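So the chains spell out like this:
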Amino acid sequence: MQVLPREGKNKPKKVEKIFAFCVEKVRKKWYNNITISAQCAEKEKYMEKYIHKVNYYETDRMGITHHSNYVRFMEEARIHFLEQIGCGYDKWERDGVISPVIGIECKYKRPTTFGDELQIRVEIAEYKRVKLSVSYTMVNAKTQELVFEGMSHHCFTNAEDRP
(Lines give C-alpha, C1' and ligand atoms only; values in the text may rest on other atoms or scores of the structure.)
Protein backbone atom coordinates (compact mmCIF):
# COMPACT_ATOMS: atom_id res chain seq x y z
CA MET A 1 0.00 0.00 0.00
CA GLN A 2 1.15 3.51 -0.74
CA VAL A 3 2.66 5.28 2.27
CA LEU A 4 1.46 8.86 2.52
CA PRO A 5 3.70 11.61 3.86
CA ARG A 6 2.90 13.24 7.18
CA GLU A 7 1.02 16.50 6.80
CA GLY A 8 1.31 17.94 10.28
CA LYS A 9 -1.95 19.28 11.66
CA ASN A 10 -3.64 19.25 8.26
CA LYS A 11 -5.45 15.96 8.96
CA PRO A 12 -8.48 16.45 6.67
CA LYS A 13 -6.27 16.32 3.58
CA LYS A 14 -4.43 13.31 5.00
CA VAL A 15 -7.67 11.49 5.76
CA GLU A 16 -9.04 12.38 2.36
CA LYS A 17 -5.91 11.06 0.62
CA ILE A 18 -5.82 7.82 2.63
CA PHE A 19 -9.47 7.00 2.14
CA ALA A 20 -9.57 8.22 -1.46
CA PHE A 21 -6.73 5.79 -2.15
CA CYS A 22 -8.71 2.96 -0.54
CA VAL A 23 -11.89 3.90 -2.40
CA GLU A 24 -9.95 3.88 -5.66
CA LYS A 25 -8.63 0.40 -4.81
CA VAL A 26 -12.18 -0.81 -4.23
CA ARG A 27 -13.36 0.84 -7.43
CA LYS A 28 -10.67 -0.89 -9.49
CA LYS A 29 -10.77 -4.27 -7.79
CA TRP A 30 -14.45 -4.91 -7.17
CA TYR A 31 -16.50 -2.42 -9.13
CA ASN A 32 -14.64 -2.26 -12.46
CA ASN A 33 -14.26 1.53 -12.34
CA ILE A 34 -17.95 2.31 -11.82
CA THR A 35 -18.96 5.03 -9.38
CA ILE A 36 -19.20 3.86 -5.80
CA SER A 37 -22.72 4.62 -4.65
CA ALA A 38 -25.84 2.96 -3.33
CA GLN A 39 -26.46 1.79 -6.91
CA CYS A 40 -23.50 -0.57 -6.56
CA ALA A 41 -25.77 -2.81 -4.48
CA GLU A 42 -27.21 -4.05 -7.78
CA LYS A 43 -23.81 -5.12 -9.09
CA GLU A 44 -22.62 -8.68 -8.66
CA LYS A 45 -19.00 -8.01 -7.70
CA TYR A 46 -18.48 -7.48 -3.98
CA MET A 47 -15.79 -8.13 -1.47
CA GLU A 48 -15.48 -11.61 -0.01
CA LYS A 49 -18.48 -12.09 2.27
CA TYR A 50 -17.74 -12.17 5.96
CA ILE A 51 -19.17 -15.21 7.79
CA HIS A 52 -20.21 -15.00 11.45
CA LYS A 53 -21.44 -18.09 13.31
CA VAL A 54 -23.86 -17.14 16.10
CA ASN A 55 -22.42 -18.15 19.47
CA TYR A 56 -24.51 -19.34 22.41
CA TYR A 57 -23.61 -16.30 24.52
CA GLU A 58 -25.00 -14.03 21.77
CA THR A 59 -28.52 -15.38 22.27
CA ASP A 60 -31.13 -14.42 24.84
CA ARG A 61 -33.17 -16.69 27.12
CA MET A 62 -35.54 -17.43 24.23
CA GLY A 63 -32.64 -18.68 22.08
CA ILE A 64 -32.79 -15.73 19.68
CA THR A 65 -29.72 -13.65 18.81
CA HIS A 66 -29.91 -10.53 20.99
CA HIS A 67 -30.45 -7.42 18.85
CA SER A 68 -27.39 -5.62 20.25
CA ASN A 69 -25.06 -8.23 18.75
CA TYR A 70 -25.85 -7.22 15.18
CA VAL A 71 -23.96 -3.95 15.71
CA ARG A 72 -20.93 -6.02 16.76
CA PHE A 73 -21.33 -8.21 13.66
CA MET A 74 -21.37 -5.03 11.55
CA GLU A 75 -18.09 -3.91 13.10
CA GLU A 76 -16.44 -7.31 12.58
CA ALA A 77 -17.45 -7.31 8.91
CA ARG A 78 -16.39 -3.67 8.38
CA ILE A 79 -12.94 -4.36 9.84
CA HIS A 80 -12.65 -7.45 7.61
CA PHE A 81 -13.64 -5.37 4.56
CA LEU A 82 -11.17 -2.59 5.29
CA GLU A 83 -8.36 -5.11 5.82
CA GLN A 84 -9.20 -6.71 2.46
CA ILE A 85 -8.73 -3.41 0.65
CA GLY A 86 -5.47 -2.73 2.50
CA CYS A 87 -6.89 0.10 4.58
CA GLY A 88 -7.37 -1.39 8.06
CA TYR A 89 -7.89 0.50 11.28
CA ASP A 90 -4.36 -0.34 12.41
CA LYS A 91 -2.96 1.61 9.43
CA TRP A 92 -5.31 4.52 10.05
CA GLU A 93 -4.33 4.72 13.71
CA ARG A 94 -0.60 4.56 12.87
CA ASP A 95 -1.24 7.51 10.55
CA GLY A 96 -3.10 9.40 13.31
CA VAL A 97 -6.58 8.91 11.87
CA ILE A 98 -9.52 7.99 14.10
CA SER A 99 -12.90 6.93 12.67
CA PRO A 100 -15.65 7.04 15.29
CA VAL A 101 -19.17 5.82 14.61
CA ILE A 102 -21.58 8.77 14.51
CA GLY A 103 -24.75 6.87 13.63
CA ILE A 104 -26.21 3.38 13.26
CA GLU A 105 -29.32 2.18 11.41
CA CYS A 106 -30.67 -1.34 11.94
CA LYS A 107 -33.54 -3.21 10.28
CA TYR A 108 -34.17 -6.65 11.75
CA LYS A 109 -35.87 -8.84 9.13
CA ARG A 110 -35.79 -12.38 10.60
CA PRO A 111 -34.49 -13.86 13.85
CA THR A 112 -31.32 -15.92 14.04
CA THR A 113 -30.40 -18.54 16.63
CA PHE A 114 -27.38 -20.32 18.10
CA GLY A 115 -25.32 -22.00 15.38
CA ASP A 116 -26.73 -20.02 12.46
CA GLU A 117 -24.11 -18.78 10.04
CA LEU A 118 -24.59 -15.26 8.74
CA GLN A 119 -23.10 -14.11 5.45
CA ILE A 120 -22.42 -10.41 5.77
CA ARG A 121 -21.93 -8.25 2.69
CA VAL A 122 -20.33 -4.86 3.24
CA GLU A 123 -20.46 -1.96 0.79
CA ILE A 124 -19.27 1.62 0.80
CA ALA A 125 -22.59 3.42 0.47
CA GLU A 126 -21.21 6.95 0.51
CA TYR A 127 -17.90 8.73 0.99
CA LYS A 128 -17.70 12.52 1.34
CA ARG A 129 -14.34 13.93 2.40
CA VAL A 130 -14.47 13.32 6.18
CA LYS A 131 -17.67 11.23 6.33
CA LEU A 132 -18.22 7.62 5.40
CA SER A 133 -21.40 5.51 5.27
CA VAL A 134 -21.15 1.72 5.12
CA SER A 135 -24.07 -0.60 4.38
CA TYR A 136 -24.49 -4.18 5.60
CA THR A 137 -26.68 -7.01 4.37
CA MET A 138 -26.87 -10.20 6.44
CA VAL A 139 -28.39 -13.42 5.16
CA ASN A 140 -28.72 -16.83 6.76
CA ALA A 141 -26.05 -18.89 4.95
CA LYS A 142 -28.19 -22.04 5.02
CA THR A 143 -31.56 -20.63 3.93
CA GLN A 144 -30.33 -17.49 2.09
CA GLU A 145 -33.10 -15.52 3.87
CA LEU A 146 -32.45 -11.86 4.52
CA VAL A 147 -32.13 -11.42 8.30
CA PHE A 148 -30.73 -7.91 8.70
CA GLU A 149 -29.98 -4.68 6.86
CA GLY A 150 -27.98 -1.89 8.40
CA MET A 151 -25.89 1.18 7.89
CA SER A 152 -23.10 2.74 9.92
CA HIS A 153 -22.00 6.34 9.58
CA HIS A 154 -18.48 7.44 10.46
CA CYS A 155 -16.37 10.56 10.46
CA PHE A 156 -12.60 10.94 10.35
CA THR A 157 -10.72 12.86 13.04
CA ASN A 158 -7.26 13.14 14.46
CA ALA A 159 -6.32 12.20 18.04
CA GLU A 160 -7.59 15.62 19.21
CA ASP A 161 -11.07 14.87 17.78
CA ARG A 162 -10.65 17.41 15.00
CA PRO A 163 -11.65 16.64 11.40
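Residues numbered from 1 in each chain as written. Predicted model: local features only at pLDDT ≥ 70, side-chain atom pairs only at ≥ 80, totals over all residues. Heavy atoms only, no water.

For the structure shown, the criterion picks out seven salt bridges. A salt bridge links lysine 109 to glutamate 149; its shortest N-O distance comes to 3.6 Å. Placement of the pair is lysine 109 in the loop between β2 (101-108) and β3 (117-128) and glutamate 149 in strand β5 (residues 146-155), with a sequence separation of 40 residues. Salt-bridge contacts for arginine 110 lead to glutamate 145; the nearest nitrogen and oxygen are separated by 3.0 Å. In this pair, arginine 110 is assigned in the loop between β2 and β3 and glutamate 145 in the loop between β4 (131-140) and β5, connecting sequence segments 35 residues apart. For arginine 110, a relative accessible area of 43% corresponds to the partly exposed category. (Salt bridge = Lys/Arg side-chain N within 4 Å of Asp/Glu carboxyl O. Helix = DSSP H or I, 4+ residues; strand = E, 2+ residues; numbered from the N terminus. Buried < 20%, exposed > 50% of the residue type's maximum accessible area, 1.4 Å probe, protein only.)

Here we come to the sheet that holds strand β1 (residues 50-53). Strand order across the open sheet formed by five strands is β1-β3-β4-β5-β2, with antiparallel pairing between neighbours. Because the sheet does not close on itself, it has two edges, and the strands there are β1 and β2. The sheet shows a mean angle of 25° between the axes of neighbouring strands, direction not considered. When β1 meets β3, the two strands line up antiparallel, connected through four bridges. Bridging from a neighbouring strand, histidine 52 pairs with leucine 118 of β3. Set on the sheet, helix α2 (residues 69-84) makes contact with β1, β2, β3, β4 and β5; between it and β3 the angle comes to about 70°. (Pairing = 2+ DSSP bridges. Axes fitted to C-alpha atoms, helices over the stretch in contact; angles between N-to-C directions. Contact = heavy atoms within 4.5 Å.)

With 38 residues separating them in the primary sequence, arginine 110 and phenylalanine 148 have C-alpha atoms 7.0 Å apart. Not counting chain neighbours up to four residues away, the residues in contact with arginine 110 comprise Tyr70, Glu145, Leu146 and Val147.

This part covers the layout of surface pockets. Approximately 190 Å³ is the volume found for the largest pocket. Elements with a minimum of two residues in the lining of the largest pocket: β2, β3, β4 and β5. Among the residues forming the lining of the largest pocket, the class breakdown is four nonpolar, three polar and five charged. (1 Å grid on protein atoms, 1.4 Å probe; cavity = no way out; pocket = protein on both sides within 12 Å on 5 of 7 lines; lining within 4 Å. Points joined across faces, edges and corners; volume = space filled by probe spheres on them. Nonpolar A, V, L, I, M, F, W, Y, C, P; charged D, E, K, R; others polar.)

Attention now goes to unusual backbone geometry. Despite not being glycine, glutamine 144 shows a phi value in the positive range, around 65°. Examined against the element boundaries, glutamine 144 turns out to sit in the loop between β4 and β5. For glutamine 144, a relative accessible area of 47% translates into the label partly exposed.

Once that is clear, we can look at the packing of aromatic side chains. Scanning the model with the defined rule gives seven aromatic pairs in all. Where tyrosine 56 meets phenylalanine 114, the ring centres are 5.7 Å apart and the plane angle is 85°; that geometry is what we call edge-to-face. On the criterion of sequence distance, the pair formed by tyrosine 56 in the loop between β1 and α2 and phenylalanine 114 in the loop between β2 and β3 is long-range, its members being 58 residues apart. Aromatic side chains tyrosine 89 and tryptophan 92 sit 5.2 Å apart centroid to centroid with 80° between the ring planes, which places their arrangement in the edge-to-face category. (Phe/Tyr/Trp six-rings, centres within 6.5 Å; stacked < 30°, edge-to-face > 60°.)

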